[in-house]
Amino acid sequence: MSLYDDAVLVLKGYEGQAELRQAYLDHLAAHPDGMWKACGDGHITASALVIDPERGRVLLTLHRKLRMWLQMGGHCEPGDATLRDAALREATEESGIAGLSLVPGGPVRLDRHPIPPPCHWHFDVQYAVLAPPGAVQEISDESLDLRWFGYDEVAGVADESVVRLLEAARARL
């Protein structure tokens, strides 16, 4: 199965955000290249919020280009077999933490947001991952900083999309 086919199946099985979910499916139906960064009308991305539920905190990255505190994530790559794989790969690469595990149940949210030209939209499929006990993060080249924030601190440093993702992830846990 291709990554495109996996994305369609994941989105068809996703419960919630019906109108937005349909916009993702319509985008993929209209753009066979809609999984890839080269698709100028927008493309699917995969992200994951790294959670340490025992300590009530999440790991956020200060994005190098956007200069915003965000969850880990980014573009799908040809080696990604599934959206889950892409989200887990991105979270591992950007956090430096080995042994992350996806929270069961598939994506926890969808978030479509505009991006600067030449592309127009990111259709982000958002997962949650659990950090193993004693996890130590290591900053990547994509980040200006990497920091743990208590659940109650996230709204003070991140935008509403991250707050909504945290709420959805905590509800899933």
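Below or above, wherever it landed, is the structure these notes cover. (Residues numbered from 1 in each chain as written. Predicted model: local features only at pLDDT ≥ 70, side-chain atom pairs only at ≥ 80, totals over all residues. Heavy atoms only, no water.)

1. Considering the pattern of salt bridges
The condition that has to hold: Salt-bridge detection follows one rule: a side-chain nitrogen of Lys or Arg within 4 Å of a carboxyl oxygen of Asp or Glu. Strands here mean DSSP runs of E at least two residues long; helices mean DSSP runs of H or I at least four residues long; both are numbered from the N terminus. Under the scheme applied here, a residue whose accessible area is under 20% of the maximum for its type counts as buried, over 50% as exposed, and between as partly exposed, the area being computed with a 1.4 Å probe on protein chains only.
Across all of its chains, the model carries seven salt bridges by this definition. Among the salt bridges present, the one from Arg-89 reaches Glu-77, with a minimum N-O distance of 3.3 Å. Here Arg-89, found in helix H3 (residues 83-95), pairs with Glu-77, found in the loop between strand E4 (72-75) and H3; they are twelve residues apart in sequence, far enough to count as distant. A salt bridge links Arg-164 to Asp-111, with the shortest nitrogen-to-oxygen separation between them at 3.7 Å. Taken as a pair, Arg-164 in helix H5 (residues 160-172) and Asp-111 in strand E6 (residues 109-114) lie far apart in primary sequence, 53 residues in all. Residue Arg-164 is classed as partly exposed on the basis of its relative accessible area, which comes to 32%.

2. Some remarks on the pairing of strand E7 (residues 121-130)
Rules: One bridge is not enough; two strands pair if DSSP finds at least two bridges between them.
For E7, the buried fraction is high: eight of the ten residues fall into the buried class. Where strand E1 (residues 43-52) lies against E7, nine bridges are found, and the strand directions are parallel. Paired with Ile-44 across the two strands is Phe-123, which belongs to E7. Both strand E5 (residues 101-102) and E7 contribute to a ladder of two bridges, which runs antiparallel. Along E7, the bridge assignment pairs Leu-102 with Val-129. In terms of strand pairing, E6 meets E7 through six bridges, oriented antiparallel.

3. Some details on the layout of surface pockets
One simple way to see leftover space: roll a probe sized like a water molecule over the atoms. Formally: Using protein atoms alone on a 1 Å grid, points that fit a 1.4 Å probe yet trap it form a cavity, whereas open point sets bounded by protein on both sides within 12 Å along at least five of seven lines form a pocket; residues with an atom within 4 Å of a point count as lining. Grid points are joined across faces, edges and corners, and a volume is the space filled by probe spheres set on the points.
Of the voids in this model, the largest pocket is the one considered here, and its volume is about 1,000 Å³. Considering the residues around the largest pocket, the lining is formed by 39 residues, among which His-63, Leu-66, His-75, Ile-115 and His-122 are closest to the centre. Elements represented by at least two residues in the lining of the largest pocket include exactly E1, strand E2 (57-63), E4, H3, E6 and E7. A total of four residues in the lining of the largest pocket trace back to one element, the largest contributor, which is E4.

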